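Fold and contact review
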Amino acid sequence: MLDNRLDKRSDKISYRISIITLDSHNAMPCKRAWSNLLEDFDGLEVSIFAAAEWGENPSALAETKAAIDKSDIIIVNLLFLEDHIKPILPLLKARREKCDAMIGVVCDADLVKLTRMGSLDMQAPESGAVALLKKLRGSSKPSSETGEKKMRMLRRLPKILKYIPGKAQDLRAWFLVMQYWLGGTDENIEEMLRFLISRYSHIDSWRGVKAEPPREYPNVGVYHPNLKGRISEDLTDIPEVKKPIATIGLLLMRSYVLSGDTAHYDKVIEGFEALNVKIIPAFAGGLDGRPAIEKYFIGVDGPLIDVLVSLTGFSLVGGPAYNDTNAAVETLSNLNVPYISAHPLEFQTLPQWEVSSTGLGPIETTMLVALPELDGAIEPIILSGRDDATGKAHTLQDRVDVIAERAIKWSTLRVKQRKDKKLAITVF
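Residues numbered from 1 in each chain as written. Predicted model: local features only at pLDDT ≥ 70, side-chain atom pairs only at ≥ 80, totals over all residues. Heavy atoms only, no water.

Remarks on the sheet that holds strand β9 (residues 247–253)
Put simply, the rule is: Being paired, for any two strands, means DSSP has found at least two bridges between them. Numbered from the N terminus, helices here are DSSP runs of H or I no shorter than four residues, and strands are runs of E no shorter than two. When checking whether two residues touch, look at their non-hydrogen atoms; a contact exists if any pair is within 4.5 Å. Lines fitted to C-alpha atoms define the axes here, with helix axes fitted over just the stretch in contact, and angles between the N-to-C directions of these axes take values from 0 to 180 degrees.
With mixed pairing, eight strands are arranged side by side in an open sheet as β8-β7-β10-β9-β13-β14-β15-β16. Of all strands in the sheet, those with a lone pairing partner are β8 (231–232) and β16 (393–395), marking the two edges. Two strands pair when backbone bridges link them, and β9 and strand β10 (residues 278–284) are joined in this way by seven bridges, in the parallel orientation. Looking at β10, one finds that L252 is bridged to F283. Across the sheet, helix α12 (residues 290–297) is in contact with β7 (220–223), β8, β9, β10 and β13 (307–310); its angle to β10 comes to roughly 145°. Those strands touched by helix α15 (residues 362–375) are β14 (339–344) and β15 (378–386), and its axis lies near 160° from that of β14.

What follows is the structure in structure tokens.
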């Protein structure tokens with residue numbers, strides 16, 4: 001279970017910030033950020049609550065509800081499932097007018113509408129800042145725009161709004177919070193919290209504290225634990241493998257890379273390279289893996305990889321938010337290589353999964369297995385999970401070995417002559 005209160009240093013808590021999100025991979029950046037903030041904001045408490053825990057751990061939901069009732073600033077992020085929204089929506093509505101600010105970003109529309117930051121009220125009649133928001137973002141209907149295009153718009157809007165006086169500045173603040181969170185490194189999480197406190201806290205002495213703007217990181221790039229800075233936009237920065245037996249593309253989650261929660265990625269990379277496989281570990285933001293595929297896995301003469309292995313656990317287009325199967329199928333058909341889906345446990349810890357008589361629960365089965373299969377993914381396999389006691393990610397090494405073995409076999413099968421292949425048909 002996640003230790004929701006990220007530190008226990010202060011016995012005199014006078015101000016509380018609660019972050020309610022899907023899972024706990026941002027917990028460590030938040031903990032480190034809070035530690036740095038205590039020097040300027042004595043009595044501050046920052047807590048993070050992972051909705052993915054609620055199904056298996058009712059006490060985690062109870063703690064979240066109790067925190068909502070006493071929080072001064074509440075940030076809600078990446079909640080799209082009814083099972084996560086329904087239990088807390090009435091409490092958030094009740095707390096909305098009593099707290100200093102409530103911010104819903106990259107989540108269900110009902111939660112975004114609860115946003116109240118200074119003069120920005122997402123429930124107000126469609127005039128002023130809300131009307132401007134709709135005008136700037138265009139249609140709210142699903143579109144074929146890639147996550148990369150949406151991220152470019154996100155970075156551009158605060159720069160535009162900076163020059164519009166009055167209420168637009170709170171709308172700008174909402175976009176900045178989204179930008180801080182999606183660029184979720186330690187520095188960005190810390191500056192996001194500092195920014196919100198300095199602008200919306202009811203404690204006068206805390207207002208006006210300087211916060212640095214969001215640091216920008218590549219929306220599409222490659223990751224390797226041996227790279228300087230760990231990320232790059234240049235494919236040639238990936239360490240070379242002499243005479244590789246295959247080239248495997250690894251699709252990663254940008255948020256995991258930026259938050260430093262990469263132990264499972266590192267184990268997979270290490271496992272493939274130990275077998276003399278060249279790997280291209282690439283990520284893309286905006287809950288859309290297509291830009292990474294188009295930039296790093298496809299060349300002018302066809303695919304640059306033999307097999308694609310997704311380590312995200314989610315659908316190719318939409319991540320945990322939705323699923324655009326048609327867009328995914330189009331991209332994967334163009335790539336035209338086997339597509340294997342491996343995933344970390346998101347909604348239960350490893351010990352919970354190990355003792356469960358059913359294994360994956362219905363939400364995980366749908367989100368981590370069924371939806372990727374609609375895109376064209378094969379051979380779903382659990383890769384890692386979190387430990388009950390520490391909340392830290394733990395990689396299942398035997399599963400890493402299986403992923404590597406299967407990917408290599410698929411790469412061999414792809415180039416084998418048809419006359420040399422054997423076909424087995426299993427009838428149920």
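Once you've had a look at it, read on.
Details of the sheet that holds strand β5 (residues 116–117)
Across the sheet, which stays open at both edges, the six strands sit in the order β2-β1-β3-β4-β5-β6 with mixed pairing between neighbours. Whereas interior strands pair on both sides, the edge strands pair on one side only; in this sheet they are β2 (44–50) and β6 (120–121). Across two bridges, the pairing between strand β4 (residues 101–105) and β5 is antiparallel. By the bridge assignment for β5, A101 is matched with M117. Lying over the sheet, helix α1 (residues 27–37) contacts β1 (15–21) and β2, oriented at roughly 175° with respect to β2.

As for the pairing of β9
Within a regular beta strand, the side chains point alternately toward one face of the sheet and then the other, so they alternate between its two faces. Put simply, the test is: Throughout this description, buried means an accessible area under 20% of the type-specific maximum (1.4 Å probe, protein chains only), exposed means over 50%, and partly exposed covers the range between.
Among the seven residues of β9, seven are classified as buried, and the element is accordingly described as predominantly covered. Burial along β9 is two-sided: T247, G249, L251 and M253 and I248, L250 and L252, pointing in opposite directions, are all buried. Both β9 and β13 contribute to a ladder of four bridges, which runs parallel. Across the sheet, G249 pairs through a bridge with L308, a residue of β13.

Distances and angles like these do not, on their own, reveal function.
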